[in-house]
Amino acid sequence: MSMTEGRLHRPFYRNGSEHRSGADVSFQDIVKVFGFRTVNVGRWVTPDEQQIAANLFFDALCDLQDILDVPEQVISLNGNLSLAFGVGGNKHSSAHYSPHKKQLALAKNAGGGALAHEWFHAFDHYICPRMYSEVTATDFASAVWLESHELIPHALNQMLNECFHSIFLSPDGQQPSELVSNSAQTDKALKMFYYAQPQEMAARAFEAFVQDMPIKNAFLVQGTKQSQEVKLGVYPSDAHKQDIKHRFINYFQRLGATLSKGRM
């Protein structure tokens, strides 16, 4: 067994509820439970790897649902989101969200820990036309927020607007946050534009919030507390993270409560 083959087979720590009662699930079970539009598994994924991955996905998505305190339809973005595992692949990317396909994809051997980050990209894209008018089909709400588009009046939109305010601005609202400044400095040093992309900063803020919650799942998220990126300062500081966490919890709990009375 090679090192890359072994990654999927190594245990991913989690402490959440037992969602499967010890039984195996399939990717089709995941589609059925959460309402995902489709799932695509790569042709080079063996039956053993597919089974391991399906269990990991299911547990991670259930844990995310518990962390956010929302119904299943939020996880699949009301049936708009598709999943892919071990399809295609890019040596520079272990995971990817495609706004064109509305598809969240994890690589077979390196996608563990990236699910929360990519899910927020999907959510950020899904919510954009519901939060702002006059946006394009590939816009992300976080990026549109920085362009000062007019907010569609709704209590939930205002609450998510406050999440973005916390992520991108200083507490007094007069300066960029430390996260923004550090991300821009990192990009400048690396001669690239990646860490300071609004949608990337928002996704890192979200995954840091998820990893900070009592329910832990290393397949869902890892690396926001100890990693090279943490040393670069491209994740929120502990103090900043507390405010972001508070606002995200309020938003998703309100979303979940609202959905008990209607639809997204």
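The numbering scheme is per chain: residues are counted from 1 as the chain's sequence reads. Per-residue local features of the predicted model are confined to residues with pLDDT of at least 70, and side-chain atom pairs are confined, for both listing and counting, to 80 or more; whole-chain, interface and lining totals are unaffected and use all residues. Only heavy atoms go into the side-chain values, all of them from the structure, while hydrogens and water stay out.

Teacher, can you tell me more about the packing of helix 7 (residues 155-168) against helix 11 (residues 238-259) here?
When two helices pack together, their arrangement is given by the angle between their axes and by how far apart the axes lie. Where helix 7 meets helix 11, the axes come as close as 9 Å, and the angle between the chain directions of the two elements is 165°. Taken as axis vectors, helix 7 and helix 11 run roughly antiparallel relative to one another. You can see that helix 7 and helix 11 cross each other, and the crossing is left-handed. The segment helix 7 lies against helix 11, with A155, L156, M159, L160, E162, C163, S166 and I167 engaging H240, D243, I244, R247, F248, N250, Y251, R254, L255 and T258. In the scheme used here, Gly and all other residues not listed as nonpolar or charged are polar, with Ala, Val, Leu, Ile, Met, Phe, Trp, Tyr, Cys and Pro taken as nonpolar and Asp, Glu, Lys and Arg as charged. For the contact of helix 7 with helix 11, the residue count by class is 10 nonpolar, four polar and four charged. Whenever a helix is involved, its axis is fitted only over the stretch in contact; in every case the axis is a line through C-alpha atoms, and angles between N-to-C directions fall within 0 to 180 degrees. A run of H or I in DSSP counts as a helix once it spans at least four residues, and a run of E counts as a strand once it spans at least two, with each numbered from the N terminus. For classification purposes, angles smaller than 35 degrees are called roughly parallel, those larger than 145 roughly antiparallel, those between 65 and 115 roughly perpendicular, and all remaining angles oblique. Put simply, a crossing is left-handed when the front helix is turned counterclockwise from the back one by less than a right angle, and right-handed when it is turned clockwise. Any two residues having at least one pair of non-hydrogen atoms within 4.5 Å are treated as being in contact.

What should I look at first to understand the packing of aromatic side chains in this one?
Within a pair of aromatic rings, the relevant descriptors are the distance that separates the centres and the angle that separates the planes. Pairing of aromatic side chains requires ring centres within 6.5 Å, counting the rings of Phe and Tyr and the six-membered ring of Trp. Pairs whose planes differ by under 30 degrees are stacked, by over 60 edge-to-face, and all others tilted. Under the criterion given, the structure shown has 25 aromatic pairs. Measuring from centroid to centroid gives 5.4 Å for F27 and F57, while their planes differ by 65°, and the two rings are edge-to-face. You can see F27 sitting in helix 2 (residues 27-34) and its partner F57 sitting in helix 3 (residues 47-68), a full 30 residues away along the chain. F57 matches F27 in its accessibility class, with the two residues each being buried. Here the aromatic rings of F120 and F123 are separated by 5.8 Å at their centres, their planes lie at 40°, and the arrangement is tilted. Pair noted here: F120 and F123 are both in helix 5 (residues 115-131), with a separation of three residues, about one helical turn. For each residue, the accessible area found with a 1.4 Å probe, counting protein chains only, is set against the maximum for its type, and the residue is called buried under 20%, exposed over 50%, and partly exposed in between. Residue classification places F120 among the buried positions, given a relative accessible area of 0%. A relative accessible area of 0% means that F123 is categorised as buried.

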